[in-house]
Amino acid sequence: MQVEEYLNDIVKREGTVHLTLLDPASQSPEEAGEIALAAVEGGTDAIMVGGSTGAGGVLLDQTLLKIKEQTDKPTILFPGNASGVSIHADAIFFMSLLNSRDVNFITTNQAMGAPLVYKYGLETLSMAYLIVEPGGTVGWVGDARLIPQNKPEIAVAYALAGKYLGMHYTYLEAGSGADKPIDPKMIGMVKHALGDNKLIVGGGIRDGATAKMSAMAGADMIVTGTIVEETKDVRSKIEELVSAIKR
Ligand code: 1GP
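Residues numbered from 1 in each chain as written. Predicted model: local features only at pLDDT ≥ 70, side-chain atom pairs only at ≥ 80, totals over all residues. Heavy atoms only, no water.

Examining the overall build of the protein chain
- The helix and strand inventory of the protein chain stands at 10 helices and eight strands.
- Over its C-alpha trace the protein chain gives a radius of gyration of 16 Å, about what one expects of a compact globule, namely 18 Å for 247 residues.
- With the C-alpha coordinates of the protein chain rotated into their principal frame, the extents come out at 45 × 40 × 30 Å.
- Considering the protein chain as a whole, with its 247 residues, one finds that 54% of them fall into the buried category.
- In the protein chain, 72% of the contacts between residues at least 6 apart in sequence involve partners at least 24 apart.
- Of the accessible surface of the protein chain, which amounts to about 10500 Å², a share of 54% is contributed by carbon and sulfur atoms. (Helix = DSSP H or I, 4+ residues; strand = E, 2+ residues; numbered from the N terminus. Rg over C-alpha atoms; globule rule 2.2 N^0.38 Å. Buried < 20%, exposed > 50% of the residue type's maximum accessible area, 1.4 Å probe, protein only. Contact = heavy atoms within 4.5 Å. Areas by Shrake-Rupley, 256 points an atom, 1.4 Å probe, with all protein chains shown as cover.)

Given below as structure tokens:
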């Protein structure tokens, strides 16, 4: 429960957690380490590592090792499939893509990956993963029946299902690089239904104002990935996002 407690404690003390997502397929392991260090200096709380395509195996291991050389902040796997498991992470978002049409993303990859999670002794953070329009690459790869942005009640229904299935976290995902982040109204309605269960929001958040809007609407944790890859001054960008969401 170490990482889960760490995250939940930050929510209690500071209002909102900031998570930096690094996709091993987007840069070299060395660059990932440097970005992670800058993100930590900017105030991020933990590093998520994963991606939809070409993000597993040796590349994933090396990326995690380089990140861990640079920072002691927790590393959390964010796997696109069963190949996204590594012994070098502190924890794994053990997630089910509840609105997928494909059983592989709901339970099969989870079953194929579970023995390694057990063997490596990874802390599991159970998560209902919900993909909302526009959905991006992960929506296509995961064959998600995308939840329309203007149908928050569908997101609420899935979030409640995840909570009743025992998942501790719900992730509203608009897709990496989304041109439209999750609508604040959807965030608010889902958080209201979840109560104490933690709500993670990501996809298309690029600035402090959007991060703040998501946090004010009810997000307990904000994930940013693309903006970190695009910006030259990672530390300042993360400072902007973090200062907008912390008490
Ligand atoms: C993707 O929600 C995350 O899984 C982050 O999205 O890359 O748009 O920040 P961005």
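What about the nonpolar core?
- Counting residues in each nonpolar core, the largest one holds 49 residues, and the members touching the most others are Leu 22, Leu 172, Ile 182, Met 186, Val 190 and Val 201.
- Once residues lying within four places of it in the same chain are set aside, the contact partners of Leu 172 are Leu 130, Val 132, Ala 155, Ile 182, Met 186, Ile 187, Val 190, Leu 199, Ile 200, Val 201 and Gly 202.
- Counting residues in each nonpolar core, the second largest holds 27 residues, with Leu 7, Ala 91, Tyr 171 and Ile 200 among its members. (Core = buried A, V, L, I, M, F, W, Y, C linked by side-chain atoms within 4.5 Å.)

Remarks on the site of the ligand
- Neighbouring the ligand are the residues Leu 21, Phe 78, Tyr 171, Glu 173, Ser 176, Gly 177, Gly 202, Gly 203, Gly 204, Thr 224, Gly 225 and Thr 226.
- One of the backbone nitrogen or oxygen atoms of Gly 177 is found 2.7 Å away from an oxygen atom of the ligand.
- At 2.5 Å, a side-chain N or O of Thr 226 approaches an oxygen atom of the ligand.
- For the ligand, the accessible surface in isolation is 310 Å², of which the surrounding protein chains cover 97%.
- Its residues assigned to classes, the shell around the ligand comprises three nonpolar, eight polar and one charged. (Near = heavy atom within 4 Å. Polar contact = N/O pair within 3.5 Å; in protein donor to acceptor, adjacent residues only side chain to side chain. Nonpolar A, V, L, I, M, F, W, Y, C, P; charged D, E, K, R; others polar.)

Digging into the sheet that holds strand β2 (residues 46–49)
- Pairing in this closed barrel of eight strands is parallel, and the strands run β1-β2-β3-β4-β5-β6-β7-β8 around the ring. Adjacent strand axes in the sheet meet at a mean angle of 30 degrees, parallel and antiparallel pairs treated alike.
- Bridging between strand β1 (residues 17–22) and strand β8 (residues 221–224) involves four bridges; their strand directions are parallel. Opposite Thr 20, over in β8, you have Thr 224 as the bridge partner.
- Its contacts with the sheet place helix α6 (residues 152–164) against β5 (123–131) and β6 (169–173), and it is angled at close to 160 degrees to β5.
- Sheet strands touched by helix α10 (residues 234–245): β1 and β8. Its angle to β1, the strand with the most contacts, is close to 150 degrees. (Pairing = 2+ DSSP bridges. Axes fitted to C-alpha atoms, helices over the stretch in contact; angles between N-to-C directions.)

A short note on helix α3 (residues 57–70)
- The end-to-end C-alpha distance of α3 is 21 Å, a good match for the 20 Å that 14 residues give at a rise of 1.5 Å each.
- All of the buried residues along α3 are Leu 60, Thr 63, Leu 64 and Ile 67. The buried residues of α3 occupy an angular sector of 95 degrees when projected down its axis, which confines them to one face. Summarising the geometry of α3, the exposed residues directed more than 90 degrees from the buried face are Val 58 and Glu 69.
- On its buried face, α3 is in contact with β1, α2 (29–42), β2 and β3 (75–77). (Expected span 1.5 Å × (residues − 1). Arc of directions from axis to C-beta.)

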